[in-house]
Amino acid sequence: EIGTWWPAIKLAVQAVGPTGKYDDLNPAKLGTDGVGQGSWFPNATLSLGRLFQLPSGHFLSPRLSFNYAVPNPVHVKNQSVYGGVPGTKGTVYPGNSCWADFGFEYSLSRHWAFAFDLFYSHSNKNRFSGKTGEIQNHANRNE
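This report concerns the structure included in the present document.

The rules behind each value
Here the residue numbering is sequential within each chain, running from 1 through the sequence in written order. pLDDT decides what is reported in this predicted model: residues at 70 or higher carry local features, side-chain atom pairs at 80 or more are listed and counted, and totals for whole chains, interfaces and linings draw on all residues regardless. For side-chain calculations, the full set of non-hydrogen atoms in the structure is used, while hydrogens and water are omitted. Patches in this entry comprise residues that are over 30% relatively accessible and not in a salt bridge; like charges within 9 Å are linked, as are nonpolar side chains (Val, Leu, Ile, Met, Phe, Trp, Tyr) within 5 Å. Note on areas: Shrake-Rupley with a 1.4 Å probe; residue coverage comes only from the protein chains shown. Whenever Lys or Arg places a side-chain nitrogen within 4 Å of a carboxyl oxygen from Asp or Glu, that contact is recorded as a salt bridge. Here Asp and Glu are counted as negative and Lys and Arg as positive; His is not counted, and neither are the chain ends. To locate a charge, take NZ of a lysine, CZ of an arginine, CG of an aspartate or CD of a glutamate. A run of H or I in DSSP becomes a helix once it reaches four residues, and a run of E becomes a strand once it reaches two; helices and strands are each numbered from the N terminus. Being paired, for any two strands, means DSSP has found at least two bridges between them. Axis lines are fitted through C-alpha atoms, for helices just across the contact stretch, and the angle between N-to-C directions can take any value from 0 to 180 degrees. Only protein chains enter the area calculation, which uses a 1.4 Å probe; residues under 20% of their type maximum are buried, those over 50% are exposed, and those in between are partly exposed. By definition, residues are in contact when any of their heavy atoms lie within 4.5 Å. Whenever a nitrogen or oxygen atom comes within 3.5 Å of another N or O atom, the pair is scored as a polar contact, on the condition that within protein one atom can donate a hydrogen and the other can accept it, and that pairs from neighbouring residues in sequence are kept only if both atoms are in side chains.

Section: a positive patch on the surface
- Judged by side-chain charge, K21, K29, K77, K89 and K131 come together as a positively charged surface patch.
- Residue position: K29 is located in the loop between β1 (8-16) and β2 (41-49).

Pasting the structure below:
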């Protein structure tokens with residue numbers, strides 16, 4: 001039959017929103033009070049997949065996905081999830097990121113399957129523009 005070799009093609013476009021505390025963190029908590037990214041992370045994912053019924057009655061399902069994200073700049077002050085110390089004030093430009101995933105599933109029985117995935121991820125470096133703060137060291141200070 002013509003055209004049956006085509007995989008299922010899916011395109012997803014989404015954006016992760018800037019929720020949670022990401023800057024002006026408490027230095028005594030060592031960054032553990034940071035829970036957000038402070039930036040919109042729009043991204044797109046292209047997924048290809050196909051289900052094959054093998055002569056043995058088992059099924060094989062290969063898949064391939066690609067994702068690319070382009071985050072927006074983030075205004076930060078003091079210590080943030082991106083780094084910094086008290087007195088830091090500026091803009092962080094998070095690096096673009098991409099990932100690729102190849103995987104497959106092979107059905108062993110009606111209730112069991114073997115699955116395997118290879119995953120690759122890359123993120124460009126973050127850039128900072130603005131005023132860096134100064135680390136204040138009060139240890140061993142004699143006045």
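Here the narrative resumes, following the displayed structure.
Topic: the sheet that holds strand β5 (residues 74-77)
- Pairing is antiparallel in the open sheet, where three strands are placed in the order β5-β6-β9. On the outer flanks of this sheet lie β5 and β9 (127-131), each paired with one strand and no other. Across the sheet, the axes of successive neighbouring strands diverge by a mean angle of 25°, strand direction being ignored.
- The pairing of β5 with strand β6 (residues 89-93) spans four bridges and is classified as antiparallel. Within β6, the position partnered with V74 by the bridge is V92.

Digging into a nonpolar patch on the surface
- Where nonpolar side chains cluster on the molecular surface, the patch consists of W5, W6, I9, L11, V13, L46 and F66 and spans about 820 Å² of accessible area.
- As for its placement among the helices and strands, F66 is situated in strand β4 (residues 59-69).
- Note on F66: relative accessible area 40%, which makes it partly exposed.

So, unusual backbone geometry
- Phi is positive for D24, which is not a glycine, with a value near 55°.
- Secondary-structure assignment places D24 in the loop between β1 and β2.
- Taking the relative accessible area as the measure of exposure, D24 reaches 34% and is therefore partly exposed.
- Residues other than glycine seldom take positive phi values, yet N78 does so here, at roughly 60°.
- With respect to the secondary-structure elements, N78 resides in the loop between β5 and β6.

As for the pattern of salt bridges
- Inspection of the entire model under this criterion finds two salt bridges.
- Here R63 ties to E105 by a salt bridge, and the two come within 3.8 Å at their closest N and O atoms. Placement of the pair is R63 in strand β4 and E105 in strand β7 (residues 97-107), with a sequence separation of 42 residues.
- Using a relative accessible area of 38% as the deciding quantity, one classes E105 as partly exposed.
- With a shortest N-O distance of 3.0 Å, R63 and D117 are connected by a salt bridge. Linking R63 in strand β4 with D117 in strand β8 (residues 113-123), this pair joins segments that are 54 residues apart in sequence.
- By relative accessible area, which is 40% here, D117 ends up partly exposed.
- Counted as one network, the salt bridges with shared partners bring together R63, E105 and D117.

Section: the environment of P71
- Inspection of the secondary structure puts P71 in the loop between β4 and β5.
- The class of P71 is buried, set by a relative accessible area of 9%.
- Expressed as a C-alpha distance, the spacing of P71 and W40, which sit 31 residues apart in the sequence, is 5.8 Å.
- Residue contacts for P71: discarding those within four places in its chain leaves S39, W40, F41, P42, P94, G95 and N96.

Quick look at the side chain of N43
- With respect to the helices, strands and loops of the structure, N43 is situated in strand β2.
- Only 3.3 Å separates the side chain of N43 from the backbone oxygen of F41, close enough to count as a polar contact.
- The contacts of N43, once residues within four sequence positions are left out, are A12, V13, Q14, V16, N67, Y68 and A69.

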